[in-house]
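Remarks on the overall topology
Spelled out from the first residue to the last, the chains are:
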Amino acid sequence: MKIFIDSANIADIRAAYDMGAISGVTTNPSIISRENRKFDDIIADVTEIMVDGPIFAEVLSLDAEGMIEEGKKLAAINKNIVVKIPMIPEGLKAVKALSSLGINVCVTVIFSAPQAILAANAGARYVAPFVGRLDDIGENGLDLAQEIRDIFDAQGIDTMIVAASVRHPVHVVELAKMGVDIATMPFKVIMQMAKNPNTEGAVKKFLEDWEKVPK
Ligand code: E4P
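The notes below deal with the structure included here. (Residues numbered from 1 in each chain as written. Predicted model: local features only at pLDDT ≥ 70, side-chain atom pairs only at ≥ 80, totals over all residues. Heavy atoms only, no water.)

**Here we look at the layout of surface pockets**
Think of a ball as big as a water molecule: rolled over the atoms, this probe shows where empty space is left. Estimated volume of the largest pocket: approximately 370 Å³. Taken together, 26 residues make up the lining of the largest pocket; nearest its centre are Asp6, Asn28, Ile31, Arg34 and Pro186. Residue assignment for the lining of the largest pocket shows that the elements contributing at least two residues are α2 (29-33) and β5 (105-110). Residue composition of the lining of the largest pocket, by class: 11 nonpolar, 8 polar and 7 charged. One number sums up the size of the second largest pocket: a volume of about 210 Å³. (1 Å grid on protein atoms, 1.4 Å probe; cavity = no way out; pocket = protein on both sides within 12 Å on 5 of 7 lines; lining within 4 Å. Points joined across faces, edges and corners; volume = space filled by probe spheres on them. Helix = DSSP H or I, 4+ residues; strand = E, 2+ residues; numbered from the N terminus. Nonpolar A, V, L, I, M, F, W, Y, C, P; charged D, E, K, R; others polar.)

Structural data, given as structure tokens:
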């Protein structure tokens, strides 16, 4: 399973990229707003780091015409841009139009399997079920990811599943076991995956013992 970083913070993206941890970057308007920088400047910096993987950028219009226009502009910025379109009926129209132009589209804010089926039929290259936000409301986000995986496998649908709103390493492990294509997560979760007190303790002890070796 591929790991993407869900961030617009350049230092975090650079650190995750340099560790070989990530093969893509996802953003949304909320993530962009946290950086207090212009969108164009952020995307320019991200495209310099993520030269070999997708960079997801979301449209803001709520009508199909506006989304199509924004989607074309976003796609023109860089060959790696994937246009994120929200899972609303107008969005599906935009997915159909943009994907027929050869533009890669991710249908985002997916909260049910029927939505994922429609998105795939409209031509989405990716669908993004929001795992953690379902957990937040007392449902099971992992169950939704599994349901979409089962349906896509049963139907031979090659639309990729990008599990979004991933909150902790257990989410990541469960998503990997079920064969989800991609999980996107904040830098914090990537670091939680990397770190283990036993590993840190073992490294420290090796160095302490090395001091006892006659020099
Ligand atoms: C997906 O691409 C979204 O940006 C994201 O995963 C939302 O996560 P959140 O629920 O932690 O805001």
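Back to the text.
**Here we look at the site of the ligand**
All residues in the neighbourhood of the ligand are listed as Asp6, Thr26, Asn28, Ile31, Lys84, Phe130, Arg133, Ala164, Ser165 and Arg167. Within the contact set of the ligand, an oxygen atom lies 2.7 Å away from a side-chain nitrogen or oxygen of Asn28. Protein contact buries 87% of the 340 Å² of open area that the ligand shows by itself. For the ligand, the cavity whose grid points lie within 2 Å of the majority of its atoms is the largest pocket. Broken down by class, the residue content of the shell around the ligand amounts to 3 nonpolar, 3 polar and 4 charged. (Near = heavy atom within 4 Å. Polar contact = N/O pair within 3.5 Å; in protein donor to acceptor, adjacent residues only side chain to side chain. Areas by Shrake-Rupley, 256 points an atom, 1.4 Å probe, with all protein chains shown as cover. Sits in = over half its atoms within 2 Å of the grid points.)

**Side note on the sheet that holds strand β3 (residues 55-58)**
Two strands in a sheet stick together by hydrogen bonds in their backbones, pointing the same way (parallel) or opposite ways (antiparallel). Taken in spatial order, the 8 strands line up as β1-β2-β3-β4-β5-β6-β7-β8 and close into a barrel, and their pairing is parallel. For strand β1 (residues 2-6) and strand β2 (residues 25-26), the ladder comprises 2 bridges, and the chain directions are parallel. Bridge assignment links Ile5 to a residue of β2, and that residue is Val25. Together, β2, β3 and β4 (81-86) form the strand contacts of helix α3 (residues 39-49), whose direction differs from that of β3 by roughly 165°. (Pairing = 2+ DSSP bridges. Contact = heavy atoms within 4.5 Å. Axes fitted to C-alpha atoms, helices over the stretch in contact; angles between N-to-C directions.)

**Observations regarding the side chain of Ser61**
When you line up the elements, Ser61 lands in the loop between β3 and α4 (64-77). Of the residues examined, Ser61 reaches a relative accessible area of 18% and is grouped as buried. Only 2.5 Å separates the side chain of Ser61 from the side chain of Glu70, close enough to count as a polar contact. Not counting residues within four places of it along the chain, the set of residues in contact with Ser61 comprises Gly66, Met67 and Glu70. (Buried < 20%, exposed > 50% of the residue type's maximum accessible area, 1.4 Å probe, protein only.)

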